[in-house]
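Remarks on the overall topology
Listed below, chain by chain, are the residues.
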Amino acid sequence: MSGTEPLPPETVLPPETVLVFDRDDWLSVYASFAHATNHLEAMDVTDDEYTAYSPDGRVLALTAPDGWEGQVVLARTEEFDAAGLERRVARSWQRHQPGHPPLDPSETARRALDEESSPREGWIARLLKRG
């Protein structure tokens, strides 16, 4: 997360966007359940390292049914905790982006996904600029 300007409202989040917080409120945003489950480790899920939400505040259940070496499964629940999500996002901004006013969960997710999909300059190009 960086920057504080919200993205245009016409930027639509993918329908399966997932916001995952670790115990230290580091936030990871994934464009789909598949992206999230492929990235998260079952060992951490079994240790209750993560809490997951959809951008509207729905609580998502993370499980590792086959234990710490198996696959991670992500499922929607009937539970909503929009206020909890707002608090976690704000706390994440305070801890990891001090001095920047927090964006709401949807804007934060849009920003994270936008940054992830933006082309990045490679290390060789950065070295050539220095020379």
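What you see is a predicted model, and the numbers here were worked out from it, not measured in a lab.

The rules behind each value
- Residues numbered from 1 in each chain as written.
- Predicted model: local features only at pLDDT ≥ 70, side-chain atom pairs only at ≥ 80, totals over all residues.
- Heavy atoms only, no water.
- Helix = DSSP H or I, 4+ residues; strand = E, 2+ residues; numbered from the N terminus.
- Buried < 20%, exposed > 50% of the residue type's maximum accessible area, 1.4 Å probe, protein only.
- Contact = heavy atoms within 4.5 Å.
- Pairing = 2+ DSSP bridges.
- Axes fitted to C-alpha atoms, helices over the stretch in contact; angles between N-to-C directions.
- pLDDT = per-residue confidence, 0-100.
- Salt bridge = Lys/Arg side-chain N within 4 Å of Asp/Glu carboxyl O.

Thoughts on the overall build of the protein chain
Along the backbone of the protein chain there are 5 helices and 5 strands. Beginning at the N terminus, the succession of helices and strands in the protein chain can be written as β-β-α-α-β-β-β-α-α-α. A burial count over the protein chain gives 37% of its 131 residues as buried. Long-range pairs, those at least 24 residues apart, make up 56% of the contacts in the protein chain between residues at least 6 apart in sequence.

Looking at the sheet that holds strand 2 (residues 27-30)
The strands that make up a sheet pair up through hydrogen bonds in the backbone, lying either parallel or antiparallel. Pairing is antiparallel in the open sheet, where 5 strands are placed in the order 2-1-3-4-5. Strands at the two margins of the open sheet, each flanked by one partner only, are strand 2 and strand 5 (73-80). Ignoring strand direction, the axes of neighbouring strands in this sheet form an average angle of 30°. Alignment of strand 1 (residues 18-21) against strand 3 (residues 51-53), held across 3 bridges, turns out to be antiparallel.

A few points about unusual backbone geometry
Positive phi is not limited to glycine here, since Asp25 has a value of about 65°. Looking at where Asp25 falls in the secondary structure, it is placed in the loop between strand 1 and strand 2. On the accessibility criterion, Asp25 (2% relative accessible area) is buried. Phi at Asp48 takes a positive value of approximately 55°, unusual for a residue other than glycine. Inspection of the secondary structure assignment puts Asp48 in the loop between helix 2 (42-46) and strand 3. In this structure Asp48 comes out as exposed when scored by relative accessible area, which is 62%.

Details of the confidence of the model for the protein chain
Residues at a pLDDT of 70 or more form 80% of the protein chain, whose mean pLDDT is 87. Under a pLDDT of 50 for its full length, residues 1-7 has, in the predicted model, 22 contacts with residues more than four places off or in other chains.

Focus: the pattern of salt bridges
Should the charged atoms of two oppositely charged side chains come close, the side chains can pair. Applying the stated criterion across every chain yields a total of 4 salt bridges. Among the ionic pairs, Arg91 bridges to Asp25, the shortest N-O distance being 2.5 Å. One end of the pair, Arg91, is in helix 3 (residues 82-96); the other, Asp25, is in the loop between strand 1 and strand 2, with 66 residues separating them in the sequence. The partly exposed category is assigned to Arg91, whose relative accessible area is 31%.

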